[in-house]
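Each chain is listed here by its residues.
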Amino acid sequence: MFKRILLPTDGSDSSKRVIVDCMKLAKQINAEVIGLIALPPYIPYVNEDGELVDSRERLDREWVSYANRCLDDVRAAAKDAGVKCQTFHVIDNNPYEAIVETAGNRRCDLIAMASHGRKGVKGFLLGSETQKVLTHCRIPVLVFR
C-alpha cells in the first residue's frame, strides 16, 4: 500500500494533533514518514523613517529555529512510534506548492495533513493550503480534522 507518507506541519495545534495519528498509521502499514515545513522567504521591509526593520540573517535564524522546533515534534513522535522518519524545511511563498513538489521529489505516495476547519466566508477568503493540495496533487491526500 503506502510506503512513504509526506507529513507537512506548520506548528499549529491542528498540525501537532495530526503528527501522532500519522505515526500510528505509518506504524500499522510499515511506512516511512517525511516531515516537512514550508517557510516564507525573506522579504525586507522599511519603516516610515526609511530604516531597514530587520536583517535577513536574524530572520533566517528565527525561521530555522522555528522550523526545527516544529520538526522536532515530528522526529520525537516517529521515534516513540518506531517509525523511520526524515525531516526537511523548504523556503516557498506558497506552502501548497512546496508540499506537492516535495511529495514528488521524495517519491511519497500519500500526503497526510490537517484541516484547520475554516468554514464559510473566512474559509473561502483565506483559502486553505489543504484544499489547494487536494486540488493540485496527483497522489492521495489523507485529511485529518
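To be clear, the structure that these remarks concern was listed above.
Just so it is clear, the model here is predicted, and its values are computed rather than measured. (Residues numbered from 1 in each chain as written. Predicted model: local features only at pLDDT ≥ 70, side-chain atom pairs only at ≥ 80, totals over all residues. Heavy atoms only, no water.)

(A) Structural view of the overall build of the protein. Scanning the protein for helices and strands turns up five helices and five strands. Going from the N terminus to the C terminus, the protein shows its helices and strands as β-α-β-α-β-α-β-α-α-β. Split into buried and exposed, the 145 residues of the protein put 32% on the buried side. Accessible surface computed for the protein: about 9000 Å², of which carbon and sulfur atoms make up 50%. (Helix = DSSP H or I, 4+ residues; strand = E, 2+ residues; numbered from the N terminus. Buried < 20%, exposed > 50% of the residue type's maximum accessible area, 1.4 Å probe, protein only. Areas by Shrake-Rupley, 256 points an atom, 1.4 Å probe, with all protein chains shown as cover.)

(B) Representation of the packing of helix α3 (residues 95-105) against helix α5 (residues 129-136) within the structure. Where α3 meets α5, the closest approach of the two axes is 9 Å, and the angle between their N-to-C directions is 45°. What the angle tells us is that α3 and α5 run oblique. Remark: the crossing between α3 and α5 carries right-handed chirality. For the pair α3 and α5, contact is made by P95, Y96, I99 and V100 and by E129, K132, V133 and H136, respectively. Taken together, the residues of the contact of α3 with α5 break down into five nonpolar, one polar and two charged. (Axes fitted to C-alpha atoms, helices over the stretch in contact; angles between N-to-C directions. Parallel < 35°, antiparallel > 145°, perpendicular 65-115°, else oblique. Left-handed = near helix turned anticlockwise from the far one by under 90°. Contact = heavy atoms within 4.5 Å. Nonpolar A, V, L, I, M, F, W, Y, C, P; charged D, E, K, R; others polar.)

(C) Just the sheet that holds strand β2 (residues 32-39), in detail. Overall, parallel pairing links the five strands, which are arranged β3-β2-β1-β4-β5 in an open sheet. With partners counted over all chains shown, the strands left at the sheet margins are β3 (85-91) and β5 (141-144), one partner each. Going across the sheet, the axis of each strand differs from the next one's by a mean of 25°, ignoring polarity. Where strand β1 (residues 4-8) and strand β4 (residues 110-114) come together, two bridges link them in parallel fashion. Directly across from L6, in β4, lies its bridge partner I111. Most of the contacts of α3 go to β2, to which it runs at about 150°, and overall it touches β1, β2, β3 and β4. Sheet strands touched by α5: β4 and β5. Its angle to β4, the strand with the most contacts, is close to 160°. (Pairing = 2+ DSSP bridges.)

(D) Structural view of the nonpolar core. Grouped together as the largest cluster of nonpolar side chains are 17 residues, with contacts concentrated most on I5, L7, C22, M23, A26, V33 and V83. Contributing elements (two or more residues each) for this core: β1, α1 (13-29), α2 (56-81) and β4. It is α1 that provides the largest number of residues to this core, a total of five residues. For I5, the residues in contact, after removing those within four places along its chain, are C22, L25, A26, I29, A31, E32, V33, I34, C108, L110 and A112. Formed by 12 residues, the second largest nonpolar core is a distinct cluster that contains L6, L36, A103 and C137. (Core = buried A, V, L, I, M, F, W, Y, C linked by side-chain atoms within 4.5 Å.)

(E) Structural detail: the pairing of β2. Burial within β2 is extensive, with seven of its eight residues counted as buried. In terms of strand pairing, β1 meets β2 through five bridges, oriented parallel. From the neighbouring strand, P8 faces β2, where its bridge partner is L36. Note on the crossover from β1 through α1 to β2: the handedness is right-handed. Alignment of β2 against β3, held across seven bridges, turns out to be parallel. Pairing of V33 across the sheet is with C85, part of β3. (Right-handed = clockwise from strand over helix to strand, strands pointing away.)

(F) A look at the packing of aromatic side chains. Going through the model one piece at a time under the given rule, you end up with one aromatic pair. A ring pair is formed by W63 and Y66, whose centres lie 6.1 Å apart and whose planes are at 75°; its orientation type is edge-to-face. Of the two residues, W63 and Y66 both sit in helix α2, three residues apart, roughly one turn of that helix. When the ring centre of F88 is taken as origin, the NZ or CZ atom of R106, which lies over that ring, is 3.7 Å away. (Phe/Tyr/Trp six-rings, centres within 6.5 Å; stacked < 30°, edge-to-face > 60°. Lys NZ or Arg CZ within 6 Å of the ring centre and 35° of its normal.)

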